[in-house]
Amino acid sequence: MKIVAYSSKPYDKQALCRVMQPDWETLYLEVSLGLDTIAFAQGAEVVSTFVNDRLDEKVLTLLAQGGTKLIALRCAGFNNVDLNAAKKLGIRVLRVPAYSPYAVAEHTVGLMLALNRKLYKAYNRIREGNFALNGMLGFDMHGKTVGIIGAGLIGRLVGKMLKAFGCHVVIYDPYTCVACKELGIEQVDLEHLFTQSDIITLHCPLNAETNHIINAENIAKMKEGVMLINTGRGGLMDTAALIAGLKSKQIGYLGIDVYEKEGALFFEDHSCEIIQDDAFERLLTFPNVLVTGHQAYFTHEALEQIAQTTADNILAYSQIQSADECLENEVTCD
Ligand code: NAI
């Protein structure tokens, strides 16, 4: 079975090589999947991709024509996949629903602390021999209200960690969260969350309903000086509204690990190029904005789990395929 693994950086390849079956012919490519790179997938029954690979109808149609039957996502989010098109084309899509919620939750809290206590400024200041505290004033997390959007694995973990800080944690999810009650986390409506929270953090999937959930209208409802954190997906936030909110000081802090147009930037070294995304560059000019490049998931444990689940998914698929072939050919298989 031929497998092409797009967006495979050396660290991905290392983790995948340890768990892929020896008889699978796996091609690891650092480039992402798009129309310009699809030729590599010709004849590959399985194509494995990551968060910023393009899996729209056009790409999926070409993949199907080339013989692809399985997309093995190496991530939890599937907002970049046209699932209806995949279904129509008979391509199965499997993902890694959970690998390390701890990695993302810990990074989320890390962004909050770094922004609040200006750790990113302190790092530079001290190295320059500047020990002044002007501009470094933070606030106690204890007693603050934190609003979490999305009561899944990551959102609940973030809530649990912040409860340990003594925060008042509220959560919004369209479904009743029984586990939240047990954690002492109050489930509220979005309006309540937007108006009452000192810190708001996003942990819901990106879909038609949540696209730009952080927009000008909702930012206007928030407390002045609110801290916004996004380790979910870039499209959850309207970048233009963020810039306006930062300029008016309605947003006091912004910490993002994801960005709506990150596909053109993240996971690659652009340090010798002129970055053409003016909105992204504008974000970087604010002293109260901290950006990381989709690294919240990036721990040893998560990489190993992603590789293992991906290999398990491909194995399960190949076993089902063999069973189907046996049924079609009316032969008995062991
Ligand atoms: P999960 O599937 O366990 O939880 C998602 C929660 O969001 C569910 O409780 C669901 O009911 C809720 N939800 C659905 N629609 C909603 C809406 N309209 N408003 C509010 N909540 C809604 O997912 P998990 O593992 O907690 O991950 C959350 C998100 O984090 C993923 O969808 C993914 O986009 C992102 N992620 C980011 C990573 C990073 O490295 N930055 C790594 C892993 C995930």
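Here's what I pulled together on the structure shown here. What you see is a predicted model, and the numbers here were worked out from it, not measured in a lab.

Here is what the cut-offs are and how they apply
Residues numbered from 1 in each chain as written. Predicted model: local features only at pLDDT ≥ 70, side-chain atom pairs only at ≥ 80, totals over all residues. Heavy atoms only, no water. Helix = DSSP H or I, 4+ residues; strand = E, 2+ residues; numbered from the N terminus. Buried < 20%, exposed > 50% of the residue type's maximum accessible area, 1.4 Å probe, protein only. 1 Å grid on protein atoms, 1.4 Å probe; cavity = no way out; pocket = protein on both sides within 12 Å on 5 of 7 lines; lining within 4 Å. Points joined across faces, edges and corners; volume = space filled by probe spheres on them. Nonpolar A, V, L, I, M, F, W, Y, C, P; charged D, E, K, R; others polar. Axes fitted to C-alpha atoms, helices over the stretch in contact; angles between N-to-C directions. Parallel < 35°, antiparallel > 145°, perpendicular 65-115°, else oblique. Left-handed = near helix turned anticlockwise from the far one by under 90°. Contact = heavy atoms within 4.5 Å. Disulfide = S-S within 2.5 Å. Phe/Tyr/Trp six-rings, centres within 6.5 Å; stacked < 30°, edge-to-face > 60°.

1. Comments concerning unusual backbone geometry
With the exception of glycine, most residues fall at negative phi, and the peptide bonds are largely trans.
Point 1. The backbone of F267 sits at a positive phi, close to 75°, despite the residue not being glycine.
Point 2. Position of F267 among the secondary structure elements: in the loop between strand 11 (251-256) and helix 11 (278-285).
Point 3. Since its relative accessible area comes to 24%, F267 is described here as partly exposed.
Point 4. Not every positive phi belongs to a glycine, and H294 is a case in point at roughly 50°.
Point 5. Tracing the sequence through the fold places H294 in the loop between strand 12 (289-291) and helix 12 (300-328).
Point 6. Among the residues examined, H294 registers a relative accessible area of 7% and is labelled buried.

2. Brief notes about empty space enclosed by the protein
Point 1. Scanning all chains against the criterion turns up 2 cavities of 30 Å³ or more.
Point 2. Estimated volume of the largest cavity: approximately 60 Å³.
Point 3. Lining the largest cavity, in full, are D12, A15, L16, F50, R74, Y297, L303, I306 and A307.
Point 4. Taken together, the elements giving at least two residues each to the lining of the largest cavity come down to helix 1 (10-19) and helix 12.
Point 5. Lining the second largest cavity are N230, G234, M237, T239, L242, I256, V258, Y259, E260 and L283.
Point 6. The class makeup of the residues in the lining of the second largest cavity is 6 nonpolar, 3 polar and 1 charged.

3. Focus on the packing of helix 4 (residues 101-116) against helix 6 (residues 153-164)
Point 1. Interaxial distance between helix 4 and helix 6 falls to 9 Å at its minimum, and their mutual angle equals 50°. Judged by the inter-axis angle, helix 4 sits oblique to helix 6. Relative to helix 6, the crossing made by helix 4 is right-handed. Seen from helix 4, the contacting residues are P101, Y102, V104, A105, E106, T108, V109 and M112; seen from helix 6, they are L153, I154, L157, V158, M161 and L162.

4. Section: the state of the cysteines
Point 1. The full count for this structure, using the stated rule, is 1 disulfide.
Point 2. Across a sulfur-sulfur distance of 2.1 Å, C177 and C180 are joined as a disulfide pair. Between C177 and C180, the S-S torsion sits near 80°, and that sign places the bridge as right-handed. There is no split in this pair, since C177 and C180 are both buried.
Point 3. With no disulfide partner, C167 has as its closest neighbouring cysteine sulfur the one in C180, 15 Å distant.
Point 4. Counting only cysteine sulfurs, C180 is the nearest neighbor of C204, a cysteine outside any disulfide, at a range of 14 Å.

5. A short note on the packing of aromatic side chains
Point 1. Within the structure shown, the criterion is met by 8 aromatic pairs.
Point 2. Centroid distance F50 to F267: 5.6 Å. Interplanar angle 55°. Geometry classified as tilted. Here F50 is found in the loop between strand 3 (46-49) and helix 2 (57-65), whereas its partner F267 is found in the loop between strand 11 and helix 11, with 217 residues between them in sequence.
Point 3. Taking relative accessible area as the criterion, F50 reaches 8% and is therefore assigned buried.
Point 4. Relative to Y253, the ring of F139 has its centre 5.8 Å away and its plane inclined at 70°; by these criteria the two rings are edge-to-face.

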